[in-house]
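# A closer look at the structure
Here is what each chain is made of, one letter per residue.
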Amino acid sequence: MSVMMGMKWSIIVFASALVLGFLGMGALGAALYYACYPLLAPFYGNLVNWHGDWVWSATIWAGVLWPFTFLIAGGLNLYLTPYAPVLLRGAGYVLVLWLGAALIWALILAISYKTPEAACAETGSARFGPCTRADIMTGNATPVSARTGAAIRSRRRSWK
């Protein structure tokens, strides 16, 4: 019980961040990616340039998994209390949170990242024919279902 009392603020923030991760619909995960941007961007680029259904679920998973690092940071803080000054423990706390976000994003991206070319081949293009590099960079690659829906709507108009 003394461990829980020593980590009470970490537990409160853990619960709050977990709820925010669910209700934020990926906003927390996206913010975490940009917090770790210097470490992840050389390998995966900008979050805005990613395409496909996997992007939204990846940002949600990152936002839901990250609050568990508060428990790890709180445990480390509790362990270091008799040995380290407050400033050093605070820096360690923040470092654990940042490294946790970077590790979570690295694991999620190792599992589900798709190159823009692969995502474009999977989703298709707003124009007729296959995706081009310009489609990928400008964000004009749209899901095939959206193209099919547009074709159906245009046929409906021609039937009237």
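Scope of this entry: the structure provided in the associated data block.

Calculation rules
- Residues numbered from 1 in each chain as written.
- Predicted model: local features only at pLDDT ≥ 70, side-chain atom pairs only at ≥ 80, totals over all residues.
- Heavy atoms only, no water.
- Helix = DSSP H or I, 4+ residues; strand = E, 2+ residues; numbered from the N terminus.
- Buried < 20%, exposed > 50% of the residue type's maximum accessible area, 1.4 Å probe, protein only.
- Contact = heavy atoms within 4.5 Å.
- Areas by Shrake-Rupley, 256 points an atom, 1.4 Å probe, with all protein chains shown as cover.
- Patch = residues over 30% accessible without salt bridge, like charges linked within 9 Å, V, L, I, M, F, W, Y side chains within 5 Å.
- Salt bridge = Lys/Arg side-chain N within 4 Å of Asp/Glu carboxyl O.

### Focus: the overall build of the protein chain
Summing up its helical and strand segments, the protein chain has 10 helices and zero strands in all. Start at the N end of the protein chain and walk to the C end: the helices and strands fall as α-α-α-α-α-α-α-α-α-α. Counting all 160 residues of the protein chain, 33% fall into the buried class. The long-range fraction of contacts in the protein chain, counting pairs at least 24 apart against all pairs at least 6 apart in sequence, stands at 59%. For the protein chain, the accessible surface area stands at approximately 10,000 Å², while carbon and sulfur atoms represent 73% of it.

### Examining a nonpolar patch on the surface
There is a patch of nonpolar side chains on the surface, built from Leu-39, Leu-95, Trp-98 and Leu-99 and spanning about 360 Å² of accessible area. Note that Trp-98 resides in helix 7 (residues 86-112).

### Observations concerning the environment of Leu-32
With respect to the helices and strands, the residue Leu-32 is situated in helix 3 (residues 27-35). Counting along the chain gives 66 residues from Leu-32 to Trp-98, while the straight-line C-alpha distance between them is 8.4 Å.

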